[in-house]
Structures are given as structure tokens and as C-alpha cells.
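Analysis of the macromolecular model
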Amino acid sequence: MNVREAIRARRTIRKYQQERIPLKVLEELVDGARLAPSATNRQPIEYLVVEDPALLEPVFGTLSWAGYIKPHGTPKEGEKPVAYIVFLVRREFDDVLAKYDIGAAAQNILLGALEYGIGGCIIGSVKRDELRKILQIPEEYVIDCVISLGYAAEKSVAEDERGSIKYYKDQDGVMHVPKRRLKDIMHINSINR
Ligand SMILES: Cc1cc2nc3c(=O)[nH]c(=O)nc-3n(C[C@H](O)[C@H](O)[C@H](O)COP(=O)(O)O)c2cc1C
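Residues numbered from 1 in each chain as written. Predicted model: local features only at pLDDT ≥ 70, side-chain atom pairs only at ≥ 80, totals over all residues.

1. Some details on the packing of helix H2 (residues 23-34) against helix H4 (residues 96-114)
- Orientation of H2 relative to H4, taken along the N-to-C sense of each, is 140°, at an axis distance of 8 Å. On the basis of the axis angle, H2 is oblique to H4. Crossing handedness for the pair H2 and H4: right-handed. Facing Glu-28, Leu-29, Gly-32 and Ala-33 of H2, the residues of H4 in contact are Ala-105, Asn-108, Ile-109, Gly-112 and Ala-113.
- The residue makeup of the contact of H2 with H4, split by class, is five nonpolar, three polar and one charged. (Axes fitted to C-alpha atoms, helices over the stretch in contact; angles between N-to-C directions. Helix = DSSP H or I, 4+ residues; strand = E, 2+ residues; numbered from the N terminus. Parallel < 35°, antiparallel > 145°, perpendicular 65-115°, else oblique. Left-handed = near helix turned anticlockwise from the far one by under 90°. Contact = placed C-beta atoms within 7 Å. Nonpolar A, V, L, I, M, F, W, Y, C, P; charged D, E, K, R; others polar.)

Have a look at this one:
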């Protein structure tokens with residue numbers, strides 16, 4: 001899969017096979033995040049990998065899934081993530097520039113995961129106080145987001161947006177993700193409406 005294909009193939013995946021991801025692979029994904037662009041090259045993000053089976057269920061309980069299609073979008077028993085990567089930012093670096101870094105690093109993880117058939121979901125809707133307690137995260141870190149991971153067990157396709165940006169599932173369980181059309185978002189030399 002070349003870069004172009006990977007960018008087009010990547011979709012958020014929220015249902016997973018229950019096979020564990022080797023630590024080596026998780027390490028490679030974080031290594032990809034480490035190499036992402038960083039404003040002034042500050043590199044403010046640290047990554048807490050969670051793959052201990054005893055921690056998976058407590059972490060799951062702090063996350064909120066697929067707001068447009070609740071509750072069907074929430075992974076059920078046998079579909080839940082087998083690993084998480086928690087994005088942590090040292091409090092002194094927690095500013096708008098860190099957010100750009102987080103986006104770039106998260107995308108590197110999601111694209112890197114495709115190589116292994118691993119799907120993921122960036123989760124911003126997190127009960128942070130609860131998660132901090134569960135994982136005993138020191139106060140010097142701000143919890144930004146969590147990426148859930150696992151070998152993909154659902155299909156998701158992008159399609160042109162036609163009046164709604166809400167993703168939905170069809171009768172076969174395939175997720176459809178409306179994306180704004182190129183002609184609606186790309187301007188060449190001037191903005192003409
Ligand atoms: C910053 C950010 C926060 C997100 N938070 C959540 C979340 O809390 N729960 C969830 O299920 N998906 C979350 N998502 C995933 C989006 O819903 C998903 O990226 C979007 O629907 C587009 O689908 P696609 O990734 O397949 O293109 C988040 C994505 C981003 C970039």
C-alpha cells in the first residue's frame with residue numbers, strides 16, 4: 001500500500017477482533033508518532049500504551065463512542081479494543097500548538113496501523129478524571145485524547161457528503177462517512193462562490 005492508498009483507505013474503526021497486538025507493533029506505532037511534525041520541534045507529547053488485559057475494561061468505561069449512531073456504534077463484548085494509546089501533554093506545553101502536534105502524531109499512528117490491518121479511533125470524549133485515576137497518571141500531565149486499537153472487525157467507507165455530515169451504518173453494518181466534496185472545499189487562486 002503506497003501513501004496515497006493508505007490515506008484513502010484509512011477510516012475510523014470502532015469494532016475489533018479480540019487478538020492481542022504484539023508490543024513490538026505498538027512500539028512501532030508510537031515510534032511513528034514520535035517522528036511526526038512538531039511546532040518549534042518542542043515534541044510535547046508522551047504516549048501511554050495500555051495493553052494489559054486487566055486495564056482494558058476500566059479504560060473502556062471512560063470512553064464515548066460514535067455520537068451520531070449511539071448506541072449501535074459502541075463496541076459490544078467481543079468487539080472492544082485490545083489496546084489504547086493515551087496522549088499525554090506536560091502541563092507547561094498544553095497550548096494550541098500542542099493540538100497541531102497531537103493531530104499529526106495521531107494520524108501517523110492510524111496510518112502506520114494500516115500496515116498491520118489494525119484499525120483505530122481517536123477518542124476525544126474521555127472521562128479524564130476517571131482515566132487519570134485508573135492509570136495513575138500524575139497531575140503534571142494533561143490527558144488529551146485516547147486512540148483505541150485492534151485488528152479491524154468492521155468496514156467503513158468514505159462517500160461524498162450530500163446534505164449531512166453524519167456518518168451512518170447500512171443494513172450490512174458498513175459504516176458510511178460523508179466527506180465534503182473537493183469542489184466545495186478547494187479554491188484555486190481566489191474564492192469564487
Ligand atoms: C479530535 C477527534 C476526536 C474524536 N473523538 C471521537 C470520540 O470521542 N468518539 C468516537 O467514536 N470518535 C471520535 N472521533 C472519530 C471521528 O468521529 C471520525 O474521525 C469521523 O467521523 C470521520 O471518520 P473517518 O475517521 O473514518 O474519516 C474523533 C476524531 C477526532 C479527529
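On we go.
2. Brief notes about the sheet that holds strand E6 (residues 168-169)
- The sheet built from three strands is open, its strands ordered E5-E7-E6 with mixed pairing. The open sheet has two free edges, formed respectively by strand E5 (156-160) and E6, since each of these has just one partner strand.
- Summarising the sheet, E5 and strand E7 (residues 175-179) pair through five bridges and their orientation is parallel. Note that in E7 the partner of Val-157 across the bridge is His-176. (Pairing = 2+ DSSP bridges.)

3. What to know about the pairing of strand E4 (residues 141-151)
- Strand direction decides the pairing type here: strand E2 (residues 83-90) and E4, joined by seven bridges, are antiparallel. Opposite Ala-83, over in E4, you have Leu-149 as the bridge partner.
- Note that strand E3 (residues 118-123) and E4 share six bridges and pair antiparallel. Looking at the pairing, Ile-123 lines up with Val-146 of E4.

4. So, the domain arrangement of the protein chain
- Per the domain assignment, the segments making up the protein chain are domain 1 (3-153) and domain 2 (155-193).
- Taking only C-alpha atoms into account, the centre of domain 1 sits 24 Å from that of domain 2.
- For the side of domain 1 that touches domain 2, the class distribution of residues is three nonpolar, two polar and one charged. (Domains from an automatic or database assignment.)

5. A word on the site of the ligand
- Neighbouring residues of the ligand: 14 residues in total, closest Arg-11, Thr-12, Ile-122, Gly-124 and Ser-125.
- Per-element accounting of the shell around the ligand gives the leading share, three residues, to E3.
- Its residues placed into classes, the shell around the ligand shows seven nonpolar, five polar and two charged.
- Residues from two domains meet in the shell around the ligand; each of domain 1 (3-153) and domain 2 (155-193) gives at least three. (Near = placed C-beta within 6 Å.)

6. A short note on the sheet that holds strand E1 (residues 45-50)
- The four strands are arranged E1-E2-E4-E3 in an open sheet whose pairing can be described as antiparallel. The two strands at the open ends of the sheet, each matched to only one other strand, are E1 and E3. Across the sheet, the axes of successive neighbouring strands diverge by a mean angle of 25°, strand direction being ignored.
- On the sheet, H2 packs against E1 and E2 and is oriented at approximately 165° with respect to E1.
- Sitting on the sheet, H4 is in contact with E1, E2, E3 and E4, with an inclination near 160° to E3.

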